[in-house]
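What follows is each chain in one-letter form.
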Amino acid sequence: MGFIAGAAGLLASIAPGGPAPAATPAADDGATVVGERSPGPRLLDLTVRSPVLAGIAHVRLLLPPGWSRDAARTWPVLWLLHGSGAAADHTSWSVHTDLERIAGDHDVIVVMPDAGHCGSYSDWWSRGAGGPPKWETFHLAELRQILERGYRAGPERAVAGAGMGGMGALAYAARHRGLFRAAASFSGALNTLHRDPARLDLPDLVQLSVEIGGGPADWTDLWGDPDAQRMVWRHHNPYDLADRLAGVRLYVSSGDGTAGPYDPRPGTGPDRVEALAHQVGQDFAGKLKKLGIPVSTHFYPGTHRWSYWGRELHAALPVLLAEIL
């Protein structure tokens, strides 16, 4: 009887589509939810109009059992950040993994925000003029305030991401000390200034991601030139911010770029992007250990694909939730 009543209350509190409830609070700068829709059980998609972005952005929530916007309690929050690419968006984690099965019964709100095809989880430098876009401000100021004021999100937070999102997860945890209790990176570019003449350089990969992702005509609008604006790059680089992760529960993983159990054609050529993530992931974990900062790691045969990141979420979820539940 309690389960049925709880489910009925949850469904009643989620509009099937259309505008947001009139009482939805805004962020301090006026960012606000202008639409809601429910694409599935306990899923709620928000449309947010933000003054720090060029237009609107979307956010998907996976809501816990018994959730209600009118509840007297709050819920811990797990942020899941998507990677780069034309198809990457707020739906990626729920579309490409079994997130709803493995996380849906936990007493936690899962937040999956849009971050642009190549936003790099940053307020863009834009030749010193600043954004838009300001993805970091959108996520950690505007959206956080909206969720806490209107969707019963509490102060206990963890963050994880894949690819670009893995870099973003650890950069966010380091740049905003105390905001996240745990952070995980799956195949993240954890040293954006890593250079190796014999292999793909990470500044080159950042440039390629911005250009392919439909960014501005000049890719250096993101953080500037990696040499001329080196301090801007360092201020967004997890490797350079590693000492600021003391006290955060950490999980770092990546494949080595060779074909693994989830690759459709074993024996094909190496995945250069994943091999690079593997190299910088190991370097990053090594730096943490030298600093005396504990980190759980998993390096494995495999490539840059969702099948591995879904498996890593299974492994990392207990680590993340242990810090916020």
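Provided above is the structure to which this section pertains.
Residues numbered from 1 in each chain as written. Predicted model: local features only at pLDDT ≥ 70, side-chain atom pairs only at ≥ 80, totals over all residues. Heavy atoms only, no water.

A. Just the pattern of salt bridges, in detail. Here the structure, examined in full by the defined rule, presents 16 salt bridges. Put simply, R175 and E136 hold a salt bridge, and the shortest N to O gap is 2.9 Å. Of this pair, R175 sits in helix α5 (residues 164-175) while E136 sits in helix α4 (residues 135-150); the two residues are 39 residues apart in sequence, bridging distant segments of the chain. Classification of R175 by relative accessible area gives partly exposed; the value is 28%. According to the relative accessible area criterion, E136 is buried, its value standing at 6%. The network of salt bridges with shared partners includes R37, D45 and R60. (Salt bridge = Lys/Arg side-chain N within 4 Å of Asp/Glu carboxyl O. Helix = DSSP H or I, 4+ residues; strand = E, 2+ residues; numbered from the N terminus. Buried < 20%, exposed > 50% of the residue type's maximum accessible area, 1.4 Å probe, protein only.)

B. Representation of the sheet that holds strand β1 (residues 32-40). Spatial ordering of the open sheet is given by β1-β2-β3-β5-β4-β6-β7-β8-β9, a layout of 9 strands whose pairing is mixed. Each edge of the sheet is formed by a strand with only one pairing partner; in this case those strands are β1 and β9 (296-300). Between one strand and the next, the sheet's axes are offset by a mean angle of 20 degrees, whatever the strand orientation. In the sheet, strand β3 (residues 56-62) pairs with strand β5 (residues 109-113) via 4 bridges, with the strands oriented antiparallel. In the strand pairing of β5, R60 is matched with M112. Strands in contact with helix α9 (residues 306-322) are β4 (75-81), β6 (153-162), β7 (182-186), β8 (249-255) and β9; relative to β7, the strand with the most contacts, it is inclined by about 170 degrees. (Pairing = 2+ DSSP bridges. Axes fitted to C-alpha atoms, helices over the stretch in contact; angles between N-to-C directions. Contact = heavy atoms within 4.5 Å.)

C. Structural detail: α9. Spanning 17 residues, α9 covers 24 Å between terminal C-alpha atoms, matching the ideal 24 Å at 1.5 Å per step. A316 marks the point of greatest bend in α9, at about 40 degrees, and the proline P318 comes within the next four residues. Turning to α9, its buried residues number three or more, namely W306, Y308, W309, G310, E312, L313, A316, L317, V319, L320 and L321. (Expected span 1.5 Å × (residues − 1). Bend = angle between axes of the 7 residues up to and from the residue.)

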